[in-house]
Amino acid sequence: MRVDAVTLFPAMIDSPLSESIVGRARTEGFLELGFANPRDFTEDRHRTVDDKPYGGGTGMVMMAEPVYRALKQLRKKGSFVILLTPKGRRFDQSVALELSKKKHLVFICGHYEGIDERVTPLADLELSIGDYVLTGGEPAAVAVIDAVTRLIPGVLRKSDATVNETFTDGLLEAPHYTRPAVWRGKTVPPELVSGNHKLIAAWRSKLAAELTGKARPDLKPPQQVKKKSRGKAAH
Ligand code: 6GU
């Protein structure tokens, strides 16, 4: 997958996405990450990218033209353009899964008080990562690109690693444990050391349901599809 970001601060995205699994995905060619800096698309001596807001108020607003030109250079046929903004659709695992199927994503990162509203129609989707205010779209881009990259087939070594995980089935995951079996007097649930795979699976399902009910009662597991009754239907 190709991903580009329009940002005044490319290092805020490039650096965190050079580590760990996403860093490896980049060196192995699963993810190609590029940047366009609106500052490089200015023509005045000071390379101006922001100005005072019309109507007054605090802070500065990113000007439309340098963002437009940066985007114009990056956008190809089939590109999907995402504007990162706190007023966007809330990002979640289902959005990550949709985005992981695209060939080319372009993220527009606002900074300062935001971007001139007239660039909004250039985006296919406005996206927010939650109800709080960041200094800019860059940390949000990092979160979204991370969540999307690990869903690209081949990025995670265990092919089923994204199947049973938190949120994919609408539940939180059961807790994990590793050695030692007794740590500072605390033991591991006996089911997990039983060697009985059915028992382990049943324990994990039960714990996942309990944990979700306690920690995130707002997360409703998908409705079980009712089994069709056999033989009695008219067709
Ligand atoms: Cl996408 N941008 C900013 N600046 N703040 C945010 C956000 C995005 N998502 C949540 N807060």
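So, here is what we can say about the structure in this document. (Residues numbered from 1 in each chain as written. Predicted model: local features only at pLDDT ≥ 70, side-chain atom pairs only at ≥ 80, totals over all residues. Heavy atoms only, no water.)

1. Here we look at the overall build of the protein
Helix and strand counts for the protein come out as six helices and nine strands. The C-alpha radius of gyration computed for the protein amounts to 23 Å, which surpasses the reference 18 Å derived for 235 residues by more than 25%, pointing to a less compact arrangement than a globule. Seen along its three principal axes, the alpha-carbon backbone of the protein occupies a region of about 70 × 60 × 40 Å. Sorting the 235 residues of the protein into buried and exposed places 39% on the buried side. (Helix = DSSP H or I, 4+ residues; strand = E, 2+ residues; numbered from the N terminus. Rg over C-alpha atoms; globule rule 2.2 N^0.38 Å. Buried < 20%, exposed > 50% of the residue type's maximum accessible area, 1.4 Å probe, protein only.)

2. Considerations on the site of the ligand
The ligand sits among Leu84, Thr85, Pro86, Leu127, Ser128, Ile129, Gly130, Tyr132, Leu134, Gly136 and Ala140. A distance of 3.1 Å is found between a nitrogen atom of the ligand and a backbone nitrogen or oxygen belonging to Ile129. If the ligand stood free it would expose 290 Å²; the protein chains cover 95% of that surface. Of all the secondary structure elements, the ones that give two or more residues to the shell around the ligand are β5 (79-90) and β7 (125-128). With three residues, the top contributor of residues to the shell around the ligand is β5. Residue composition of the shell around the ligand, grouped by class: seven nonpolar, four polar and no charged. (Near = heavy atom within 4 Å. Polar contact = N/O pair within 3.5 Å; in protein donor to acceptor, adjacent residues only side chain to side chain. Areas by Shrake-Rupley, 256 points an atom, 1.4 Å probe, with all protein chains shown as cover. Nonpolar A, V, L, I, M, F, W, Y, C, P; charged D, E, K, R; others polar.)

3. Notes on the packing of aromatic side chains
Scanning the model with the defined rule gives zero aromatic pairs in all. Positioned above the aromatic ring of Phe80 is the side chain of Lys102, whose terminal nitrogen or guanidinium carbon lies 4.3 Å from the ring centre. (Phe/Tyr/Trp six-rings, centres within 6.5 Å; stacked < 30°, edge-to-face > 60°. Lys NZ or Arg CZ within 6 Å of the ring centre and 35° of its normal.)

4. Focus on the sheet that holds β5
The five strands lie next to each other as β2-β1-β6-β5-β7, forming an open sheet whose pairing is parallel. The open sheet has two edge strands, β2 (32-36) and β7, and neither has a second partner. Each adjacent strand pair in this sheet contributes to an overall mean axis angle of 30°, direction not counted. As defined by bridge partners, strand β1 (residues 2-6) adjoins β2 across five bridges and the pair is classed as parallel. Pairing of Ala5 across the sheet is with Phe35, part of β2. On the sheet, helix α5 (residues 138-149) packs against β1, β2, β5, β6 (104-109) and β7 and is oriented at approximately 160° with respect to β6. (Pairing = 2+ DSSP bridges. Axes fitted to C-alpha atoms, helices over the stretch in contact; angles between N-to-C directions. Contact = heavy atoms within 4.5 Å.)

5. Focus: α5
Compared with an ideal rise of 1.5 Å per residue, which puts twelve residues at 16 Å, α5 spans 16 Å between its outermost C-alpha atoms and is within 8% of the ideal. For α5, the tally of buried residues reaches nine of twelve residues, placing the bulk of the element in the interior. Among all positions in α5, only Glu138, Ala140, Ala141, Val142, Val144, Ile145, Ala147, Val148 and Thr149 are buried. (Expected span 1.5 Å × (residues − 1).)

6. Concerning the pattern of salt bridges
Scanning the entire structure with this criterion turns up 15 salt bridges. Between Arg2 and Asp4 there is a salt bridge, with the nearest N and O atoms lying 2.8 Å from each other. A relative accessible area of 31% means that Arg2 is categorised as partly exposed. Between Arg118 and Asp116 there is a salt bridge whose closest N-O contact spans 2.6 Å. Connected through shared salt-bridge partners, Arg2, Asp4 and Glu32 make up one network. (Salt bridge = Lys/Arg side-chain N within 4 Å of Asp/Glu carboxyl O.)

7. Some words on the environment of Ile21
Position of Ile21 relative to the elements: it lies in helix α2 (residues 20-27). Ile21 gets classed as partly exposed once you look at its relative accessible area, which sits at 35%. In the structure, Ile21 is positioned 135 residues away from Leu156 in sequence and 7.8 Å away in space, judged by C-alpha atoms. Apart from residues lying up to four places away in sequence, Ile21 is in contact with Val155 and Leu156.

8. Describing helix α6 (residues 197-215)
For an α-helix, 3.6 residues make a turn, and residues three or four places apart therefore share a direction. Given a rise of 1.5 Å per residue, 19 residues ought to cover 27 Å, and the 26 Å separating the end C-alpha atoms of α6 matches this to within 8%. Measuring from the backbone nitrogen of Lys198 back to the side-chain oxygen at the start of α6 gives 3.1 Å, which picks out Asn196 as the cap.

9. Considerations on the side chain of Ser100
The topology assignment puts Ser100 in the loop between α4 (93-99) and β6. A distance of 2.7 Å separates a polar atom in the side chain of Ser100 from the backbone oxygen of Leu97. With sequence-adjacent residues up to four places away left out, Ser100 is seen in contact with Met1, Val148 and Leu151.

10. A closer look at the nonpolar core
Core analysis: the largest hydrophobic core is formed by 32 residues, its most contacted members being Ile13, Ile82, Leu99, Leu105, Phe107, Leu127 and Ile145. Mapped onto this core, the elements with two or more residues apiece are β1, α2, β5, α4, β6, β7 and α5. Examining the composition of this core, we find that seven residues originate from one element, α5, more than from any other. Beyond its immediate stretch of four places on either side in the chain, Phe107 contacts Val3, Asp4, Ala5, Val6, Ile82, Leu84, Val144 and Ile145. Residues Val6, Leu8, Val106 and Ile108 belong to the second largest nonpolar core, which totals 18 residues. (Core = buried A, V, L, I, M, F, W, Y, C linked by side-chain atoms within 4.5 Å.)

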